[in-house]
Amino acid sequence: MSLNVIMLGPPGAGKGTQAARLAREHHVLKISTGDILRDAVTQGSHLGQVAKRVMDEGHLVPDDVMVGVVRERLARPDARHGFILDGFPRTVPQATSLDDMIRDRGLLTVLHMVVPFEELVKRLHIRRICNSCGANADPAMPDGARCPKCGGEFVQRTDDSEEIVRERLKVFQDETSPLVQYYEKSPTFFTINGNLPLEDVSRQIREAVTTSMGVGAATVRQRNVTQ
Ligand code: AMP
């Protein structure tokens with residue numbers, strides 16, 4: 001059975017970190033739309049040129065562009081056995097497009113990560129990422145430490161300045177939080193308390209995924225009985 005997961009939650013909730021862990025544990029592809037866009041900006045591709053200004057302002061790249069990016073990525077062979085989507089969908093139109101794209105792929109597990117507003121502002125303000133591999137710096141590392149994975153330099157993301165962070169959180173509130181209503185009636189929707197130590201957040205996610213796979217298996221059995 002394939003594992004199809006989306007991570008919902010505001011910037012700074014820990015979606016990327018937890019998505020990477022989950023992807024490793026289940027040997028399934030992680031797709032981060034933010035990473036795809038940052039790579040495109042670095043490469044100077046057409047997508048990067050479209051995205052750069054919008055990202056620097058803390059706004060959202062247009063839905064049709066993002067839907068095209070994700071549709072193309074999900075169509076590749078390495079996404080056949082499932083995916084963990086980090087950062088998509090971010091609007092209701094993106095969610096309805098995703099429903100269309102994955103109609104024949106089994107259940108969608110929705111992990112909704114919740115963290116208090118002021119904690120998010122604090123986390124984003126101190127966040128540093130590796131300018132080479134994109135890994136998050138451990139906040140306990142001393143100033144000037146290099147990335148333990150690749151030796152790269154830790155820098156602040158251009159959209160993590162305080163002014164842009166507040167704009168991104170406002171955009172989340174206006175555009176992305178309605179997705180909770182969109183998904184919350186699903187039996188595979190789970191609220192995750194993201195304001196806990198990393199391991200405790202991972203444990204909640206593991207439990208949610210186990211429950212979700214049980215729902216998926218029951219649905220398949222039910223379908224076989226009624227056919
Ligand atoms: P993230 O790394 O997920 O925080 O994304 C960084 C920025 O990329 C966002 O602030 C948006 O400008 C853009 N972005 C990423 N994913 C999406 C999406 N699904 N829809 C629109 N814009 C996106």
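Attention here is on the structure that accompanies the text. These numbers were taken from a predicted model, which means no experiment stands behind them. (Residues numbered from 1 in each chain as written. Predicted model: local features only at pLDDT ≥ 70, side-chain atom pairs only at ≥ 80, totals over all residues. Heavy atoms only, no water.)

Of the regular secondary structure elements, the protein chain holds nine helices and seven strands. Over its C-alpha atoms the protein chain spans a radius of gyration of 18 Å, differing by no more than 12% from the 17 Å that the globule rule assigns to 227 residues. Considering only C-alpha atoms, the protein chain reaches an extent of 60 × 40 × 35 Å along its principal axes. Per-residue burial over the protein chain gives 44% buried out of 227 residues. Here the analysis covers contacts within the protein chain between residues at least 6 apart in sequence; of these, 72% occur between residues at least 24 apart. By element, 53% of the accessible surface of the protein chain is carried by carbon and sulfur atoms, the whole surface being about 12200 Å². Between the centroid of the 29 positive side chains of the protein chain and the centroid of its 29 negative side chains there is a distance of 5 Å. (Helix = DSSP H or I, 4+ residues; strand = E, 2+ residues; numbered from the N terminus. Rg over C-alpha atoms; globule rule 2.2 N^0.38 Å. Buried < 20%, exposed > 50% of the residue type's maximum accessible area, 1.4 Å probe, protein only. Contact = heavy atoms within 4.5 Å. Areas by Shrake-Rupley, 256 points an atom, 1.4 Å probe, with all protein chains shown as cover. Lys, Arg positive; Asp, Glu negative; His and termini not counted. Charge placed at Lys NZ, Arg CZ, Asp CG, Glu CD.)

Tallied over the entire structure, the rule returns two cavities of 30 Å³ or more. Considered as a void within the structure, the largest cavity measures approximately 60 Å³ in volume. Every element with two or more residues in the lining of the largest cavity is listed here: β1 (3-8) and α7 (162-176). Looking at the lining of the largest cavity, its residues break down into six nonpolar, three polar and two charged. Put simply, the second largest cavity is a space of about 40 Å³. Lining the second largest cavity we find Q18, R21, L22, E25, S202, I205 and R206. Counting only elements with at least two residues in the lining of the second largest cavity, the list comes to α1 (15-26) and α9 (198-226). Considering every element that reaches the lining of the second largest cavity, the biggest residue donor is α1, with four residues. (1 Å grid on protein atoms, 1.4 Å probe; cavity = no way out; pocket = protein on both sides within 12 Å on 5 of 7 lines; lining within 4 Å. Points joined across faces, edges and corners; volume = space filled by probe spheres on them. Nonpolar A, V, L, I, M, F, W, Y, C, P; charged D, E, K, R; others polar.)

Attention now moves to unusual backbone geometry. Across the junction of F88 and P89, the peptide omega takes the value 0°, indicating a cis bond. By the element assignment, P89 lies in the loop between β3 (82-86) and α5 (92-101). Although it is not a glycine, H27 adopts a positive phi angle of roughly 50°. One can find H27 in the loop between α1 and β2 (29-32). Relative accessible area serves as the criterion here: at 75%, H27 is assigned to the exposed category.

Compared with the 16 Å implied by 1.5 Å per residue over 12 residues, the 16 Å span of α1 between its first and last C-alpha is a close match. Among the residues making up α1, those that are buried are K15, Q18, A19, R21, L22 and A23. Residue H27 follows α1 closely and has a positive phi angle near 50°. (Expected span 1.5 Å × (residues − 1).)

Bringing the site of the ligand into the picture now. Not every one of the 16 residues close to the ligand is listed here, only the nearest: T33, R38, H59, G87 and Q94. R38 places a side-chain nitrogen or oxygen 3.0 Å from an oxygen atom of the ligand. For the ligand, whose accessible area on its own is 480 Å², the fraction buried by protein is 96%. Considering each element in turn, the shell around the ligand owes the most residues, four residues, to helix α2 (residues 33-43). Across the shell around the ligand, the residue classes tally to six nonpolar, five polar and five charged. (Near = heavy atom within 4 Å. Polar contact = N/O pair within 3.5 Å; in protein donor to acceptor, adjacent residues only side chain to side chain.)

What follows deals with the nonpolar core. Core analysis: the biggest nonpolar cluster contains 30 residues, and L74, L98 and Y183 have the highest contact counts within it. Of all the secondary-structure elements, those providing two or more residues to this core are β1, β2, α2, α3 (46-56), α4 (63-74), β3, α5 and α8 (178-183). Counting residues per element, this core draws most heavily on α4, at five residues. The residues contacting L74, other than those within four sequence positions of it, are I31, A79, F83, L98, M101, I102 and R105. Residues M113, V115, L120 and V201 belong to the second largest nonpolar core, which totals 23 residues. (Core = buried A, V, L, I, M, F, W, Y, C linked by side-chain atoms within 4.5 Å.)

Evaluated as defined, the whole model comprises 17 salt bridges. Notably, a salt bridge pairs R73 with D78, separated by 2.8 Å at the nearest N-O pair. What makes R73 buried here is its relative accessible area of 13%. On the basis of relative accessible area, D78 is assigned to the partly exposed category, the value being 43%. Between R127 and D160 there is a salt bridge; the shortest N-O distance is 2.9 Å. One end of the pair, R127, is in the loop between α6 (117-126) and β5 (129-130); the other, D160, is in the loop between β6 (154-155) and α7, and 33 residues separate them in sequence. The residues R127 and D160 share a single accessibility class, namely buried. In this structure, a network of salt bridges that share partners links the residues R127, R157, D159, D160 and R168. (Salt bridge = Lys/Arg side-chain N within 4 Å of Asp/Glu carboxyl O.)

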